[in-house]
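Fold and geometry: a report
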Amino acid sequence: MDDISYGQKSIDVKPGETVRFVLKNEGALMHEFNVGKALSQLEHQREMAALFKDGTLTPTGKATSIVWRERSGLGDSNPPGIPEVVEAIHDDPNAILVEPGTTKEFVWTFHDTANLNFACTLPGHYQAGMVGEFVMR
Ligand SMILES: [Cu+2]
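Counting of residues starts from 1 at the beginning of each chain's written sequence and follows it residue by residue. In keeping with the predicted nature of the model, local features appear solely for residues at pLDDT of at least 70, side-chain atom pairs appear and are counted solely at 80 or more, and the whole-chain, interface and lining totals rest on all residues. Excluded from the side-chain calculations are hydrogens and water; all other atoms, namely the structure's heavy atoms, are used.

**A word on the sheet that holds strand S8 (residues 95–98)**
Strand order in the open sheet made by the 5 strands is S1-S11-S10-S3-S8, with mixed pairing throughout. Of all strands in the sheet, those bounded by a partner on one side alone are strand S1 (10–13) and S8. Put simply, the sheet's adjacent strands are angled 20° from each other on average, direction ignored. The pairing of strand S3 (residues 31–37) with S8 spans 4 bridges and is classified as antiparallel. For His31, the partnering residue across the bridge sits in S8 and is Val98. Along the sheet face, helix H1 (residues 38–53) touches S3, S8 and strand S10 (116–119) and points at about 140° away from the line of S3. Any two strands are treated as partners once DSSP identifies two or more bridges connecting them. Helix and strand assignments come from DSSP, with helices taken as H or I runs of at least 4 residues and strands as E runs of at least 2, each series counted from the N terminus. Here an angle of 0 to 180 degrees is reported between the N-to-C directions of two axes, which are lines fitted to C-alpha atoms, with helices fitted over the stretch in contact. The contact criterion used throughout is that any non-hydrogen atoms of two residues lie within 4.5 Å.

**A look at the coordination of the copper ion**
Ideal geometry at a metal gives 109.5 degrees between four tetrahedral donors and either 90 or 180 degrees between six octahedral ones. Donor criterion used throughout: N, O or S atom within 2.8 Å of the metal, extended to 3.2 Å for Na, K and Ca. Water excluded; incomplete-looking sites may result. Coordination of the copper ion by the protein is provided by His31 (ND1), Cys120 (SG), His125 (ND1) and Met130 (SD), with metal-donor distances spanning 2.0 to 2.7 Å. All donors of the copper ion come from a single chain, and their spacing in sequence reads H-x88-C-x4-H-x4-M. Linking His31 in strand S3 with Met130 in the loop between S10 and strand S11 (131–136), this pair joins segments that are 99 residues apart in sequence. This pair shows no difference in class: His31 is buried, exactly as Met130 is. Burial status follows relative accessibility: with a 1.4 Å probe on protein chains alone, a residue under 20% of its type maximum counts as buried, one over 50% as exposed, and anything between as partly exposed.

**A few points about the confidence of the model for the chain**
Within a predicted model, pLDDT stands for the predictor's per-residue confidence, ranging from 0 to 100. Of the residues in the chain, 87% have a pLDDT of 70 or more, and the chain-wide mean is 87. Mean pLDDT in the chain bottoms out at strand S6 (residues 64–70), which sits at 69, and peaks at strand S2 (residues 18–24), which reaches 96.

Written as structure tokens, this is what we have:
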């Protein structure tokens, strides 16, 4: 992955094959590897746009926020708790987000590759050509 493309436009897979993808993001922006049909990826683009709008995701990663964890067993404590940095949650079984400069693994079993794509649904990335196809061989 780079800004804004995948290293491959097409990936050959065999029926029933389970593939372990090693996704290396060499860009400065966050990217996604989303396995799905074109229609569901278009829907996912809308969800992604909403997550960017509400600040859950940023162009370079997941937003973090600080929550105050209550201290247990200490009764009325002062200060009231322990600060903890919490990462925004964005989980989909068919997709993985890869932050800039990181490498992540993603495992998928191919039962049906008809019209199956891999795509990045971050705002503008799909439109910039960050999409490829799986070809059954
Ligand atoms: Cu992308």
